[in-house]
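Summary of structural features
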Amino acid sequence: AFSDGQRLERQVSDTLEIGPNHVVVIHVVDVQPEAALPLADVRDQVLSDFNADRLAKASLAQAEALLVRARKGEAFEVLATELGRTVATIPGVDRRAQLPPALIEEAFRLPAPEGKTLGMGIAGLAPDRHALIAVTAVTPGKLEGLDDETRTLLRGQLAQARGFVEYQDYVKSLRKYYTVTVAESRL
C-alpha cells in the first residue's frame with residue numbers, strides 16, 4: 001500500500017496471498033501524509049495508554065512480590081486471602097484444558113516438583129492481570145494404547161523439535177566464529 005506504484009500512481013497491487021485460497025489486491029484511493037496530531041485530539045488516548053501501562057507494571061510487580069513470598073513458603077491461600085481472591089486447584093490439567101492459554105503455557109514450562117519444592121511461576125492473563133501458578137504433581141504420559149498413526153505423528157513432531165534445537169545451536173556456533181553485518185540501507 002505504501003509503495004510508489006500504489007501510493008503515487010494509484011496502481012492496483014499484485015495479488016497478495018493472505019491465506020490458503022484467499023488473495024487480495026490493494027488499490028489506494030486516498031493518501032494522507034504523516035503528521036503529528038495535536039495533543040488536544042489525542043489527550044484522552046495518551047492518558048488511557050499511560051494509565052494502562054502503569055497498571056500493567058504495578059500488577060506485574062505485585063505478582064512478582066507475591067511469587068517471592070510463595071517461594072519462601074507462604075501458602076497460596078494466605079496470599080489470596082490478603083488480596084481478596086481465591087485459590088483454584090485444578091487436578092489433571094493437560095495441554096487441551098479449557099483454561100487461558102497463558103496459564104497452560106506457564107504450567108507446562110515450570111519444573112516438576114521435587115520433594116516439597118513446587119514449580120511456581122506467573123502467567124500473564126491480560127496486561128494488568130496476573131496469576132500465580134504452582135505445579136504440585138506431574139503425571140508422565142502413557143504410550144500404551146496409542147495407534148500407529150498417532151505414534152508416527154508424535155515421532156515426527158519430536159524429530160522436528162529436535163531438528164529446530166539443533167539448527168539454533170548450529171547458528172549460535174556460527175555466530176561465535178563469524179561476524180554478520182546487516183546493511184539496512186540496502187534492504
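Residues numbered from 1 in each chain as written. Predicted model: local features only at pLDDT ≥ 70, side-chain atom pairs only at ≥ 80, totals over all residues. Heavy atoms only, no water.

**Observations concerning the overall build of the protein chain**
Basically, it comes down to this: Numbering goes from the N terminus for both helices and strands, where a helix is a DSSP run of H or I of at least four residues and a strand is a run of E of at least two. Whether two residues are in contact is decided by their heavy atoms: any pair within 4.5 Å suffices. Residue-level accessible areas treat just the shown protein chains as cover; the underlying method is Shrake-Rupley with a 1.4 Å probe. Under the counting rule used here, the positive set is Lys and Arg, the negative set is Asp and Glu, and His together with the chain ends is not counted. For this purpose, a charge sits on NZ of Lys, CZ of Arg, CG of Asp or CD of Glu.
Assigned secondary structure in the protein chain consists of five helices and four strands. Counted from the first residue to the last, the protein chain has its helices and strands arranged as α-β-β-α-α-α-β-β-α. Long-range pairs, those at least 24 residues apart, make up 31% of the contacts in the protein chain between residues at least 6 apart in sequence. Put simply, the protein chain shows about 16,100 Å² of open surface, and 55% of that area lies on carbon and sulfur atoms. Positive and negative side-chain charges in the protein chain, numbering 22 and 26 respectively, have mean positions lying 8 Å apart.

**Description of the packing of aromatic side chains**
Remark: the centre distance and the inter-plane angle together describe each pair of aromatic rings, the angle taken between the planes. This is how it is decided: Aromatic rings from Phe, Tyr and Trp, with only the six-membered ring used for Trp, were paired whenever their centres fell within 6.5 Å, and each pair was classed as stacked if the ring planes differed by under 30 degrees, edge-to-face if by over 60, and tilted otherwise. With a 1.4 Å probe rolled over the protein chains alone, any residue whose accessible area is under 20% of its type maximum counts as buried; one over 50% counts as exposed, and the rest are partly exposed.
Here the structure, examined in full by the defined rule, presents one aromatic pair. Between Phe164 and Tyr167 the ring centres are 6.5 Å apart and the planes differ by 35°, which places this aromatic pair in the tilted class. Of the two residues, Phe164 and Tyr167 are both situated in helix H5 (residues 148–177); the distance of three residues between them amounts to about one turn of the helix. Note on Phe164: relative accessible area 48%, which makes it partly exposed. When its relative accessible area of 52% is taken as the criterion, Tyr167 is described as exposed.

**Some points on the pattern of salt bridges**
Between side chains of opposite charge, pairing is possible as soon as their charged atoms come close. Quick reminder of the rule: Basic side-chain nitrogens of Lys or Arg form a salt bridge, by our definition, when they fall within 4 Å of a carboxyl oxygen of Asp or Glu.
According to the stated counting rule, one finds six salt bridges in the structure shown. In this structure, the salt-bridge partner of Arg109 is Glu105, at a minimum N-O distance of 3.4 Å. Highlighted residues: Arg109 and Glu105, both in helix H4 (residues 101–109), separated by four residues, approximately one helical turn. In this structure Arg109 comes out as exposed when scored by relative accessible area, which is 57%. Residue classification places Glu105 among the partly exposed residues on the basis of a relative accessible area of 48%. As a salt-bridge pair, Arg109 and Glu106 come within 3.6 Å of each other at their nearest N and O atoms. Here Arg109 pairs with Glu106, and both are found in helix H4, just three residues apart, close to one helical turn. Through salt bridges that share partners, Arg69, Glu74 and Glu82 make up one connected network.

**Some details on helix H2 (residues 39–71)**
Our working rule: How far a helix is expected to stretch is found by multiplying one less than its residue total by 1.5 Å. Given a residue, its bend is the angle between the two axes fitted to the seven residues that end at it and to the seven that start from it.
Helix length check: H2 (33 residues) gives 46 Å between terminal C-alpha atoms against 48 Å at 1.5 Å per residue, within 8%. Where H2 bends most, the angle comes to about 30°, and this point is Gln45. Along H2, the residues classified as buried are Ala56, Ser59, Ala63, Leu66, Leu67 and Ala70. Check the buried side of H2 and you find it contacts helix H3 (76–83), strand S3 (119–126) and strand S4 (129–135).

**Thoughts on the nonpolar core**
A general tendency of soluble globular proteins is for nonpolar side chains to be buried together. Worth spelling out the cut-off: In plain words, nonpolar cores are sets of buried Ala, Val, Leu, Ile, Met, Phe, Trp, Tyr and Cys residues tied together by side-chain atoms within 4.5 Å.
Ranked by size, the top nonpolar core spans eight residues in total: Ala63, Leu66, Leu67, Ala70, Phe76, Leu79, Met120 and Ile122. The greatest single-element share of this core, amounting to four residues, is contributed by H2. Setting aside residues up to four positions removed in sequence, Leu79 forms contacts with Leu66, Arg69, Ala70, Glu74 and Leu132. Residues Leu103, Leu110, Ala131 and Val135 belong to the second largest nonpolar core, which totals six residues.

**Regarding a nonpolar patch on the surface**
Put simply, the rule reads: Like-charged residues are merged into a patch within 9 Å and nonpolar side chains (Val, Leu, Ile, Met, Phe, Trp, Tyr) within 5 Å, provided each residue has over 30% relative accessible area and no salt bridge.
A surface patch of nonpolar side chains, amounting to about 520 Å² of accessible area, comprises Tyr170, Leu174, Tyr177 and Tyr178. What makes Tyr178 exposed here is its relative accessible area of 56%.

**Describing the environment of Asp128**
Mapped onto the secondary structure, Asp128 falls in the loop between S3 and S4. Its relative accessible area of 39% is what places Asp128 among the partly exposed residues. The sequence separation of Asp128 and Thr181 amounts to 53 residues, and the corresponding C-alpha distance is 39 Å. Discounting residues that sit within four places of it in the chain, Asp128 has contacts with Leu55, Ala56 and Ser59.

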